[in-house]
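Commentary on secondary and tertiary structure
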Amino acid sequence: MLTTEERQRHPLLKKLHLDGPLLLGLLSLCIASLFIVYSASGQNMDMVVRQAIRIGAALATLFVVAQLPPRFYERISPLIYGLGVLLLIAVLLVGEVGKGAQRWLDLGPVTIQPSEIMKLAMPLMIAWFINQRALPPRLLRIAAALALVLLPTLLIAKQPDLGTSLLVASAGLFVIFFAGLSWRLIVFAVMLILAFLPVLWIYLMHDYQRQRVLTFLNPELDPLGSGYHIIQSKIAIGSGGIDGKGWLHGTQSQLEFLPERHTDFIFSVISEEFGLIGVTLLLALYTFVIIRGLIIALRTQDMFAKLLAASLTLTFFVYVFVNIGMVSGLLPVVGVPLPLISYGGTSMVTLMAGFGIIMSAATHHRLVIRDGYQ
Amino acid sequence: MRTRTPIRDHDAESSLFAGRVIFAIVVIIGLFAVILGNLYHLQVDEYNDLQTRSNDNRIKLVPIAPNRGLIYDRNGTLLAENLPVYSLEVIPEEVTDLEQQVARIANLLEIPPEAIEDFEQNVKTQRRFNHVTVLDDMNEQQIARFAAKQHKFPGFSIEARLVRHYPFDDLLTHVVGYVAKINRRDVQRLDEEERLPNYAASRTIGKLGIEKYYEEQLHGEVGYRSVEVNNRGRVVRTLNTEPPTPGSDIVLELDIELQRKATEILGENRGSIILMDAQTGGILAMASTPSYNPNWFVSGISVDRYRSLLNSRHSPLLNRATQGGYPPASTIKPQLGLLGLQSGEITPTTRIWDPGWFEIKGVDRRYRDWLAWGHGWVNVSKAIRESCDTFYYDLALKLGVDQISDFMHQFGFGEKTGIDIAEEIPAIMPNSGWKRARYGQPWYAGETLSVGIGQSYWTATPMQLAAATGVMANNGEFVIPRLLRGYGTLDDMQVVEPKYNQPVQVDKQSYWQVVHDAMVEVTSSIHGTAHSAFRHAPYTSAGKTGTAQVVNLGEDEEYVAEEVAEKYRDNAMYIGYAPAESPEVVIAVAIENVVGGGGSIAAPAARRLLDTWHKRYHPEQYEEVESAND
């Protein structure tokens, strides 16, 4: 379509199957991450180096993933999904226990977290499954798709890892939404979920999860216990004011009043040190990445690629929203890191792999056109 | 390859998809707007509140104790000082093999195992980045040994703090007092007086004597260091320091040499000697024996030691100078004689016949004079000079106890003198109303006779006797005794002005002269009761002896000091002033349970102290004597 000028503008990027604006946005976030991790780790250069290595590995993953056409991913979707489900079952049987939950699988030299695989496998599988027939999907297909969403979701929730299970589920549900799920059904589903909430509260949630929700509703209830995190986080954000206390000068973070300052609560560090101006810029950067992802989804021709790109982008938004929402007191604390900024390994690689798929969708569409019309 | 629906309307599917994407974009922007709105609320609307809470988190005030003011005597001798005490401290966090290192140090410094056990207990309760004391109060040898090997013990350090020390040990306990650990009662009192914040860093507080009375001036004002702390309370850096204001130094009227002499004179006896400046009321010496070492209390006295002080039959804790209620005995005869003259009951020439005893009309009991064969014809001057009891029995009976009591209150009897220490009793100046209130009984005439010779229920502290004698020396002017000379040091002292009570007034100045002359004769006349004690004194002096019975003897019982139990022996009293013509000092002596009396025990004691005083304060007279001899 409009690729002629673009191709002329970025012939090299095109050849490398990379989308310029998206790459620019991602790189900006990664560089910001290094500076913020340096501050949030209490100026620990070792951690910055480790984070840089991770970013490098994640970008390499992105690059490799982008080289393969969407059709390849379409073909292997059921395979990845099946593997993911098997690994999730394996984790429940023989997984490593950490922080009261079984999430890791020890495979000799490496430990893997199958729920991370599922973050990609889920939208791949649902996009593949929905795209088998014309859109919008029929009721039966929707029901089958929901079953495919539910299975891994329950397996992850059982670990227990409520936050990830909801993110994985939403990645699948977003595909169904983009595929044209009728509004009437959406309204019905929302009402069903609302009805389901008490059941969730009473039977399915663990004590620590309920505690999180209670604390979220009124953090001052337990200011030294579980409410401590959110109170300190709000103090950090608020005391940043408009222009912030300055890089490395956030007292809440540097003096460790802020918990999990380099992982889940890193947004509070940014707010404290760079103020409202800083966080507005950060949100602008995220918005840019998200809009770019959705534009790619709009432009690409293949419906599988469209659904996948849109779903992955929207999931990315959910990460950002949930993390910022939880540290600023809008949402309960569910342990979701700030994507591409928080210090940490697996999720960075998974996210970049997702963006690799989006870039693949952005740069391989000419083949698809030929495939469709010739 | 793939089986698909035969015809798929790609345009319709794309536009359906596009609609969903646009909806998603709207939702995304909407939710981001909610987030931004919330951030705006926190960072702008609630900025002030959250900024304050952020500072409350990180800024803590660490109080700094002020240095306590020093106490000097009138010649600049240091009576209470602050000495550094060294302790070995460790920050557990900075030591990798704490147990082994402590064992090595225990070996090096010969620390007893109990102290190490205490240390191990403390380590468990303290945060790992806080100082924990390994060994308190290190001696010089231990300091030297550790200093030589300090490099082998990273994380260990010697810390110094100032601790109150009294170089004169038990010599000044009843004057200077002491400081000791702040206890719960102190905290409560400080809190009520809203002075508690000032003690945030202080470990000790004045508990006795000058240390207690001038606590506010000596203590100083607490300082503060505002520090930034992290979430575990570890100090990260100091933001600001407001230094403490040290306590004011103070100078006492005391002369340590005279104090030493007074204590030496008392020796093993229980008693008190006071030497007071007749004009300013300044206390040059205030001895009370037995005493004890105030340094025991500074760092905490052992229960056993305290109990032995408390239960000792010699009552070392009692400050006899201001808390010892002694029957004043004949030492009050000058004042009573003055009252006789003032009241008109007698004139200077009124005389009575003393056969050695006195009888109240209609009462079949003889009140004996100390001189069994009597003094013969006696007027008031002779009655003072020779301490005639019979004359005073007669006079007291004429005056009545209530008139006596009223007049004696003007001299400060039955009242606290107001000297600047808290340990003082008003003692007892009885009258008929007092007896009725206290015992529910009427006053008997026989008791009035006893009051006439300073006995019965009448008690007085040596400090009261000194103050009342000062009134005699100054013809009625009543200067209040005081230990404090001024604030600051000798070079830069803010001198405190003397304070006065209402003066004692009599109708004729000649009354003072009559009594004064009689008191001079006590020391100078061949018949004076203190004549032998003051023979050849190089200065003139006025005085009055007193010998107080501790037990009442029956009418015909003989008192033989050597035969009665020590605690039933007489008390020897003496009051006086010198030089007689222009009094500079007043002296009061009370020595308990002695074989002898005012004339043989107390007067010589007074003489020895006055001699020492005279040599120190009038050295020029001795030079003249020496040069005259040459």
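Keep in mind that this is a model prediction, so the values were computed, not measured.

As a further point, take the overall build of chain B. Along chain B, the regular secondary structure elements total 23 helices and 25 strands. A globule of 630 residues ought to have a C-alpha radius of gyration of about 25 Å, yet chain B, at 38 Å, is considerably larger. Relative to its full complement of 630 residues, chain B shows a buried share of 50%. Taking the contacts inside chain B whose residues are at least 6 apart along the sequence as the reference set, 72% of them involve residues at least 24 apart. When the accessible area of chain B is evaluated, it comes to approximately 29,700 Å², of which 49% is carbon and sulfur surface.

A few words on the sheet that holds strand β25 (residues 585-594) of chain B. Residues and elements named next belong to chain B. One open sheet accounts for five strands, arranged β14-β13-β25-β24-β23; its pairing is antiparallel. With partners counted over all chains shown, the strands left at the sheet margins are β14 (283-289) and β23 (542-548), one partner each. Sheet twist, expressed as the mean angle between neighbouring strand axes with direction ignored, is 5 degrees. In the sheet, strand β13 (residues 271-277) pairs with β14 via six bridges, with the strands oriented antiparallel. By the bridge assignment for β14, Gly271 is matched with Thr289. Sheet strands in contact with helix α22 (residues 598-617) are β13, β14, β23, β24 (570-578) and β25, and its direction is about 145 degrees off that of β25.

The next subject is the domain arrangement of chain A. Residue and element names in this part refer to chain A. We note that the domain assignment places domain 1 (1-67 + 206-374) and domain 2 (76-204) within chain A. Facing 26 residues of domain 1, the contacting portion of domain 2 comprises 25 residues. Across the domain 1/domain 2 interface, buried area totals approximately 2,300 Å², and carbon plus sulfur atoms make up 73% of it. Three residues, Arg210, Phe304 and Leu307, lead the burial of domain 1 against domain 2; their summed loss comes to 24% of the area buried on that side. In this assembly, domain 1 and domain 2 are joined by zero salt bridges. Where domain 1 packs against domain 2, one counts three residue pairs in polar contact (both at pLDDT 80 or more). By residue number, the principal contributor to the side of domain 1 that touches domain 2 is helix α14 (residues 303-327), which donates 11 residues. Tallied by class, residues from the side of domain 1 that touches domain 2 come to 17 nonpolar, eight polar and one charged.

In the numbering used here, UniProt assigns the feature "transmembrane region" (unreviewed entry) to residues 21-42 of chain B. In residues 21-42 of chain B, the share of helix is 100% and the share of strand is 0%. The end C-alpha atoms are 31 Å apart.

A word on a negative patch on the surface. All names here are of chain B. Among the surface-exposed residues, Glu99, Glu114, Glu117, Asp118 and Glu120 lie close enough to one another that they form a single negatively charged patch. With respect to the helices and strands, the residue Glu99 is situated in helix α3 (residues 98-109). Among the residues examined, Glu99 registers a relative accessible area of 65% and is labelled exposed.

This part takes up the sheet that holds strand β1 (residues 59-64) of chain B. Residues and elements named next belong to chain B. With antiparallel pairing, three strands are arranged side by side in an open sheet as β1-β9-β10. The open sheet has two free edges, formed respectively by β1 and β10 (235-242), since each of these has just one partner strand. Between one strand axis and the next, the sheet turns through 30 degrees on average, direction left out of account. In the sheet, β1 pairs with strand β9 (residues 223-229) via six bridges, with the strands oriented antiparallel. By the bridge assignment, Leu61 is partnered in β9 with Ser226.

Right, let's talk about the interface of chain B and chain A for a bit. If you look at the interface, chain B gives 40 residues, while chain A gives 60 residues. Both faces combined, the contact of chain B with chain A buries some 4,400 Å², and carbon together with sulfur accounts for 69% of it. Across the chain B-chain A interface, the total number found is zero salt bridges. Scanning the region where chain B abuts chain A turns up 12 residue pairs in polar contact (both at pLDDT 80 or more).

The rules behind these values
Residue numbering note: each chain is counted from 1, following its sequence as written. Chain labels run from A onward and ligand labels from 1 onward, assigned in the order the entries are written. Per-residue local features of the predicted model are confined to residues with pLDDT of at least 70, and side-chain atom pairs are confined, for both listing and counting, to 80 or more; whole-chain, interface and lining totals are unaffected and use all residues. For side-chain calculations, the full set of non-hydrogen atoms in the structure is used, while hydrogens and water are omitted. Secondary structure elements are defined from DSSP: runs of H or I of at least 4 residues count as helices, runs of E of at least 2 residues count as strands, and each element is numbered from the N terminus. For a compact globule the rule gives 2.2 Å times the number of residues to the power 0.38, and the radius of gyration it is set against comes from C-alpha atoms. Buried, partly exposed and exposed residues are distinguished by accessible area as a fraction of the type maximum, computed with a 1.4 Å probe on protein chains only: under 20%, between the cut-offs, and over 50%, respectively. Contacts are assigned to residue pairs that have any heavy atoms within 4.5 Å of one another. Per-residue and other accessible areas were derived by the Shrake-Rupley procedure at a 1.4 Å probe size, with only the shown protein chains allowed to occlude residues. Here, a strand pair is defined by DSSP locating no fewer than two bridges between the strands. Interaxial angles span 0 to 180 degrees and are taken between N-to-C directions of axes, which are lines fitted to C-alpha atoms, for helices over the stretch in contact. An automatic or database domain assignment supplies the start and end points of every domain. Accessible area, probed at 1.4 Å, shrinks when two parts are joined; the buried area is that loss added up over both. We define a salt bridge as a side-chain nitrogen of Lys or Arg found within 4 Å of a carboxyl oxygen belonging to Asp or Glu. Polar contacts here mean pairs of N or O atoms no more than 3.5 Å apart (in protein, one a potential hydrogen donor and the other a potential acceptor; neighbouring residues in sequence count only if both atoms are side-chain atoms). Throughout this entry, Asp, Glu, Lys and Arg are counted as charged residues, while Ala, Val, Leu, Ile, Met, Phe, Trp, Tyr, Cys and Pro are counted as nonpolar. The remaining residues, Gly among them, count as polar. UniProt positions are given in the numbering used here, feature names are shortened, and annotations may be inferred rather than shown by experiment. For patches, a residue must show more than 30% relative accessible area and have no salt bridge; joins then use 9 Å for like charges and 5 Å for nonpolar side chains, namely Val, Leu, Ile, Met, Phe, Trp and Tyr. Lys and Arg are tallied as positive, Asp and Glu as negative. Neither His nor the chain termini are counted. Lys charges are placed at NZ, Arg charges at CZ, Asp charges at CG and Glu charges at CD.

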